[in-house]
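# Tertiary structure, described
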Amino acid sequence: MIKAITGTKDILPSEISKWYLLENTVKNIFSNYNYKEIRTPVFEETLLFSRSIGEGTDIVGKEMYTFSDRSETSITLKPEMTAGVVRAFIEHSLGKQQPLNKLFYISPMFRQERPQAGRLRQFHQFGGEALGSSSMLLDAELIHIAYEILRNLGLKDVRVKINSLGVPSSRENYKNILRKYLADKKNKLSEESRKRLDSNILRLFDSKIESDQEILRNAPLLIDYIDDESKKDFEQVKEFLGKLNVPFETDPALVRGLDYYTKTTFEIVSGKVGSQSALVGGGRYDLLAEQLGGDPTPGVGFAAGIERILLACENEGTLNQHDEKIDLYIVKLDKDLTSELLDLALNFRRKNISVDFDYLNRSVKAQMREANKLNARYVLFLGGEEYKSGSVNLKNMKTGDQKLFALKDFSEMVKIISQ
Ligand code: HAM
């Protein structure tokens, strides 16, 4: 039997209402803040990601789905959206049409990671990106939006963590200071961390290994070495978050796994999803547009993992599925009324009433069982003596009341069912 690829997941009809609810919440909240949706292709030229996310990162180094297409172009399935959004922003000169572009997205992403609870190879993100302003109001706004969405989905056990990575020059200076601190401790570091010393030294702070953490406990912290402007901006983000009533904690070890960040970085973590606890990750990337060949354009954004959020919702007992219902089930009493049935169903559906009926030649009793299973609000009985005299019975399945309607009073039935 052919099965789905490891780390990918079917979203079955029984789960889809939760996805709709989440997606509608995302769309509503983003549009309340005047963000417009952007959709970019699922695959891009590989260079886009290596240039923006960074050669030394886990994503580019180990996790991308990269292949050559028939014209020998190196293609990569998008592992994240920011690079594609900035590419589209530059390609379509969006910055020339208006000074500030506030964009959001919902899309599948691909990373060849080791699958586990909350970590997939095809997963979905929603996120927002604001391009064109260095105002810290936007950093705070995006954190606020992410927090609002999670709260709206009923999540309570979430913590907002923020940090600042400063600008590249102060960060490079700090990396040297960190390297000096670690010089005589190298041998005590785990193999993974030793590798990161050269490729991506800041990521040492992500190590989950106790002995690494012990060494890093007394390490100098980037936040103490960032430039004055970044310090001032970080204070502003905190001030704005306070004004917006978003509870937060500062976390000097929050370094994030992508190279494009400058200044603000943030994550929102859940206490209810195990080791893959980051529901949201984001930050400012003021140099990215320029790095990708565009005009210098400051930017800030975040992305959130939908599967992880749904897992958190399940574990917090929120987003409980409402019973699926249909408005009307038409029970056919006589076998030869198919064309009348089709007419009737079509007329109701055109009035925005959801209708189903039997396709399997089932008995009246079996049709009623099906109507109950589908949670039909009303059942219409088509056929019998009533039909011969131009009427049908409509049964309210909640009260059990049944009423006879002349077929010419179709709009009366519509009115009742639509209530
Ligand atoms: P990221 O931290 O790589 O950031 O991913 C954001 C979120 O996507 C994570 O917090 C997590 O919820 C979800 N996620 C990541 N990998 C997986 C996976 N393998 N399985 C399930 N969920 C996953 C970014 O992607 C940046 N583009 C965020 C950003 C936007 N920064 C600025 N703008």
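That block above? That's the structure.
Cut-off values and rules
- Residues numbered from 1 in each chain as written.
- Predicted model: local features only at pLDDT ≥ 70, side-chain atom pairs only at ≥ 80, totals over all residues.
- Heavy atoms only, no water.
- Helix = DSSP H or I, 4+ residues; strand = E, 2+ residues; numbered from the N terminus.
- Rg over C-alpha atoms; globule rule 2.2 N^0.38 Å.
- Buried < 20%, exposed > 50% of the residue type's maximum accessible area, 1.4 Å probe, protein only.
- Contact = heavy atoms within 4.5 Å.
- Salt bridge = Lys/Arg side-chain N within 4 Å of Asp/Glu carboxyl O.
- Pairing = 2+ DSSP bridges.
- Axes fitted to C-alpha atoms, helices over the stretch in contact; angles between N-to-C directions.
- Core = buried A, V, L, I, M, F, W, Y, C linked by side-chain atoms within 4.5 Å.
- Near = heavy atom within 4 Å.
- Polar contact = N/O pair within 3.5 Å; in protein donor to acceptor, adjacent residues only side chain to side chain.
- Areas by Shrake-Rupley, 256 points an atom, 1.4 Å probe, with all protein chains shown as cover.
- Nonpolar A, V, L, I, M, F, W, Y, C, P; charged D, E, K, R; others polar.

Secondary structure summary: the protein contains 16 helices and 16 strands in total. The globule rule puts the C-alpha radius of gyration for 419 residues at 22 Å, and the 28 Å found for the protein is more than 25% above it. Reported as C-alpha extents along the three principal axes, the dimensions of the protein are approximately 95 × 50 × 50 Å. Counting only residues that meet the buried cut, the protein has 51% of its 419 residues in that class. Contacts in the protein between residues at least 24 apart in sequence constitute 69% of all its contacts with a sequence separation of at least 6.

A separate point is the pattern of salt bridges. Across all of its chains, the model carries 29 salt bridges by this definition. Between Arg-377 and Asp-327 there is a salt bridge, and its shortest N-O distance comes to 2.8 Å. On the criterion of sequence distance, the pair formed by Arg-377 in strand E14 (residues 376–382) and Asp-327 in strand E12 (residues 326–332) is long-range, its members being 50 residues apart. For Asp-327, a relative accessible area of 18% corresponds to the buried category. Ionic contacts of the salt-bridge type, sharing partners, join the residues Asp-58, Lys-62, Glu-192 and Arg-196 into one network.

Looking now at the environment of Tyr-378. Within the fold, Tyr-378 resides in strand E14. For the pair Tyr-378 and Asp-228, spaced 150 residues apart in sequence, the C-alpha separation works out to 68 Å. Among all residues touching Tyr-378, those that are not within four sequence positions of it are Asp-327, Leu-328, Tyr-329, Leu-394, Lys-395, Asn-396, Met-397, Ile-416 and Ile-417.

Strand pairing in a sheet takes place through backbone hydrogen bonds and is either antiparallel or parallel in direction. One open sheet holds the three strands; their spatial order is E2-E4-E3, and the pairing between them is antiparallel. Unpaired on one side and paired on the other, strand E2 (43–45) and strand E3 (66–68) mark the two borders of the sheet. Each adjacent strand pair in this sheet contributes to an overall mean axis angle of 35°, direction not counted. Bridging between E3 and strand E4 (residues 74–77) involves three bridges; their strand directions are antiparallel. Within the sheet, the bridge partner assigned to Thr-66 lies in E4 and is Thr-76.

Attention now goes to unusual backbone geometry. Most peptide bonds take the trans configuration, and most residues that are not glycine carry a negative phi. Even without being a glycine, Asn-245 presents a positive backbone phi close to 60°. Within the element layout of this structure, Asn-245 appears in the loop between helix H10 (228–243) and strand E8 (249–250).

Attention now goes to helix H12 (residues 306–316). What H12 keeps buried is the set Ile-306, Glu-307, Arg-308, Ile-309, Leu-310, Ala-312 and Cys-313. Among the residues trailing H12, Gly-317 stands out with phi positive, at a value near 70°.

Turning next to the sheet that holds strand E13 (residues 355–357). One open sheet holds the five strands; their spatial order is E13-E12-E14-E15-E16, and the pairing between them is mixed. Every interior strand has two partners, whereas the edge strands, E13 and strand E16 (402–406), have only one. Within this sheet the neighbouring strands show an average axis-to-axis angle of 25°, counted without direction. Pairing of E12 with E13, which is carried by three bridges, proceeds in the parallel orientation. Paired with Tyr-329 across the bridge in E13 is Asp-356. The sheet contacts of helix H13 (residues 338–350) involve E12, E13 and E14, and relative to E13 the element is tilted by about 160°. Helix-sheet contacts for helix H14 (residues 364–373) involve E12 and E14, and the interaxial angle to E12 is about 175°.

Phe-30, Phe-126, Leu-182, Leu-279, Val-280, Phe-302 and Ile-309 are the most contacted members of the largest nonpolar core, which totals 89 residues. Element by element, the count of residues in this core is highest for helix H6 (residues 136–152), at 10 residues. Core analysis: the next-biggest nonpolar cluster, separate from the first, contains 20 residues, Leu-341, Ile-353, Val-355 and Val-392 among them.

Every one of the 27 residues lining the ligand counts as a neighbour, but Glu-80, Glu-113, Leu-120, Glu-129 and Tyr-261 are closest to it. Here Thr-82 contributes a side-chain N or O atom positioned 3.0 Å from a nitrogen atom of the ligand. Here a nitrogen atom of the ligand and a backbone polar atom of Gly-301 are 3.4 Å apart. Across the complex, the protein chains shield 96% of the 660 Å² of accessible surface that the ligand would expose by itself. Among the elements of the structure, strand E6 (122–131), strand E10 (278–284) and strand E11 (299–305) are those that each provide at least two residues to the shell around the ligand. In terms of residue count, E10 provides more of the shell around the ligand than any other element does, six residues in total. Of the residues contributing to the shell around the ligand, the split by class is 12 nonpolar, eight polar and seven charged.

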